[in-house]
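Here is how the chains run, residue by residue.
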Amino acid sequence: MDPNAKNPSCLLYSSLDARFEDRPIPVLEDPHDVIVRIAYTGVCGSDVHFWLHGGIRTFVSETQPLTMGHEASGTILVVGSAVTSLCPGDKVAIEPGYPCRRCHHCKHGHYNLCPGMKFAADPPVLHGTLTKYFMLPADFCYKMPESISLTEAVLMEPLAVAIHAVRQADVRPGRTVIVFGAGTVGLFCAAVAREFGAVVVVSVDIVERKLSFAQRFVGNSVGRTVLADPWLSPEENAARLIQEHGSGEGADIAIDASGAEMSVQTALFSLHKGGTYAQVGMGKRKIEFPISEMCEKEITAKGCFRYGAGDFDLGVHLVGSGKVSLSGLVTSVFPFESATEAWETAKRGEGTKTLIEGPKD
């Protein structure tokens, strides 16, 4: 690496206080690590929350600022001496968190629950991907086929989130599925549920533009849409949803990808007895939850946290084989120096997926 190279980075010091600085270039010490030159970083809802509030559970500060970003793609720059799966110049999608590999959760195949997880842009553990050079273990980089561009490779992270959610919900052939929220993760949940064999997939949102895109994205063969009415109660919205799509007593599975309290409640009322509910969207940390509905219907409720074993691999396969299309999802790309404008764009709900370019020099 050029000894005169710099590592421009975008650091958050507090809410609405981002600064562009030169951070130290990572140094390979573990022979299994690689250094990636970042090409693009996607804007996630959590990025917007950090921008507005300075953190979620833990917070940045003047003495502990944080490089933002975790959805990312790039090109391999340097590989450790033990790395055989990647070479300099390879295009990769980044899985932005790596576990200890030794704890109870890791040994039982649930490394996403590892208490020692080092996740990008998670204060105060690890800086994020809004930087020029980012280091991580080679096995958390996924080589992209030629058919997938670096802009599209960023989408492997939210796709992996959706795959994990659909697996948690146990979607199988013949099931009916309702997905609340038609943002990036919700769209992917619907498309993955289709690929897992669901016969009907209903996307629900309060924004008509998003539902129009969802209908095209999921396809007419199984895809349906419902525009939720914020003036109706969750029970009324659920009854209308069930009636419009002939779901009998309700759907088999409901996945909430919005985090909105009203959506969570509507989802529970939309299920038939013995149905399954999966929560993937992050909203308020405490909400009013219709627990009696869950008990009386004997609904199975599952949480979903990031992604686990095989989720990124399956995402690469689904996209590489043409089963899930990424066309039209990236709606705006901002230069590195305009990262805060990108966060503001996402805050306003404009477009579907907003990207930030990596530093040019």
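Structure: see above.
For every chain, the first residue of its written sequence is number 1, and the numbers climb from 1 along that sequence. Whole-chain, interface and lining totals are the exception, using all residues; otherwise, since this is a predicted model, local features are given only for residues with pLDDT of at least 70 and side-chain atom pairs are given and counted only at 80 or more. Each side-chain value is derived from all of the structure's non-hydrogen atoms; neither hydrogens nor water enter the calculation.

J.: Just to check I follow, could you spell out a nonpolar patch on the surface for this structure?
T.: Candidates for patches are residues over 30% relative accessible area with no salt bridge; among them, like charges are joined within 9 Å and nonpolar side chains (Val, Leu, Ile, Met, Phe, Trp, Tyr) within 5 Å. Each accessible area is a Shrake-Rupley estimate made with a 1.4 Å probe; only the visible protein chains count as cover when residues are assessed. In what follows, salt bridge is the name for a side-chain nitrogen of Lys or Arg lying within 4 Å of a carboxyl oxygen of Asp or Glu. Judged by side-chain polarity, Ile287, Phe289 and Ile291 come together as a nonpolar surface patch covering roughly 230 Å² of accessible area. Only DSSP runs of H or I with at least four residues qualify as helices, and only runs of E with at least two residues qualify as strands; both kinds are numbered from the N terminus onward. Within the fold, Phe289 resides in the loop between β15 (271-279) and α9 (291-297). Summary of the burial criterion: residues with accessible area below 20% of their type's maximum are buried, those above 50% are exposed, and those between are partly exposed, where the area comes from a 1.4 Å probe applied to protein chains only. In this structure Phe289 comes out as partly exposed when scored by relative accessible area, which is 31%.

J.: In this structure, what is going on with the pairing of strand β11 (residues 176-180)? I would like to understand it.
T.: Walk down a regular strand and you will see the side chains alternate between the two sheet faces. The element β11 is extensively covered by neighbouring structure, given that four of its five residues are classed as buried. The pairing criterion is simple: DSSP has to find at least two bridges between the two strands. Note that β11 and strand β12 (residues 200-205) share five bridges and pair parallel. Along β12, the bridge assignment pairs Val179 with Ser203. Whether a crossover is right-handed comes down to one check: with the strands pointing away from the viewer, does the path from the first strand over the helix to the second run clockwise; if it does, it is right-handed. Taking the sense of rotation as the criterion, the β-α-β connection linking β11, helix α5 (residues 184-195) and β12 turns out right-handed.

J.: Looking at this structure, I do not really get the packing of aromatic side chains. What am I missing?
T.: For any pair of aromatic rings, geometry is given as the distance between the ring centres together with the angle between the planes. A pair of aromatic rings is counted whenever rings of Phe, Tyr or Trp (Trp by its six-membered ring) have centres within 6.5 Å, and the orientation is called stacked for planes under 30 degrees apart, edge-to-face for over 60 and tilted otherwise. This structure, assessed with the given rule, holds nine aromatic pairs. A ring pair is formed by Trp51 and Trp343, whose centres lie 5.2 Å apart and whose planes are at 45°; its orientation type is tilted. Taken together, the positions of Trp51 in helix α1 (residues 45-53) and Trp343 in helix α11 (residues 339-347) put the pair 292 residues apart, joining distant regions of the chain. For Trp51, a relative accessible area of 7% corresponds to the buried category.

J.: How do you make sense of the pairing of β12 when you look at a structure like this?
T.: The element β12 is extensively covered by neighbouring structure, given that five of its six residues are classed as buried. In terms of strand pairing, β12 meets strand β13 (residues 223-227) through five bridges, oriented parallel. Bridge assignment links Asp205 to a residue of β13, and that residue is Leu227. Taken together, β12, helix α6 (residues 208-218) and β13 form a β-α-β motif whose crossover is right-handed.

J.: Quick question: what am I supposed to make of α5 here?
T.: Residues spaced three or four apart along an α-helix face the same direction, because each turn holds 3.6 residues. By definition here, a helix of n residues has an expected span of 1.5 Å times n minus one. Taking 1.5 Å as the rise per residue, α5 with 12 residues should run 16 Å; its terminal C-alpha atoms sit 17 Å apart, in good agreement. Most of α5 sits out of view: 10 of its 12 residues are buried. Within α5, burial applies to Thr184, Gly186, Leu187, Phe188, Cys189, Ala190, Ala191, Val192, Ala193 and Arg194. Once α5 ends, the next one or two residues include Gly197, with phi positive near 105°.

J.: Which parts of the structure should I look at to understand the packing of helix α4 (residues 156-168) against α5?
T.: A pair of packed helices can be characterised by two numbers: the angle between their axes and the separation between those axes. Where α4 contacts α5, the axes come no closer than 8 Å and their chain directions differ by 50°. The angle between α4 and α5 falls in the class oblique. Like other packed secondary-structure pairs, α4 and α5 cross with a definite hand, here right-handed. Seen from α4, the contacting residues are Pro158, Leu159, Val161, Ala162, Ile163, Ala165 and Val166; seen from α5, they are Thr184, Val185, Phe188, Cys189, Val192 and Ala193. For the contact of α4 with α5, the residue count by class is 12 nonpolar, one polar and no charged. Only the contacting stretch of a helix is used when fitting its axis, a line to C-alpha atoms as for every element, and angles between N-to-C directions run 0 to 180 degrees. Comment on the angle field: the value is read as roughly parallel under 35 degrees, roughly antiparallel over 145, roughly perpendicular from 65 to 115, and oblique elsewhere. Each crossing gets its handedness from the near helix: less than a right angle anticlockwise from the far helix is left-handed, clockwise is right-handed. We call two residues in contact whenever any of their non-hydrogen atoms come within 4.5 Å of each other. Residue polarity follows a fixed list, in which Ala, Val, Leu, Ile, Met, Phe, Trp, Tyr, Cys and Pro are nonpolar, Asp, Glu, Lys and Arg are charged, and the others, Gly among them, are polar.

Everything listed here is a matter of coordinates, which is why it stays silent on function.
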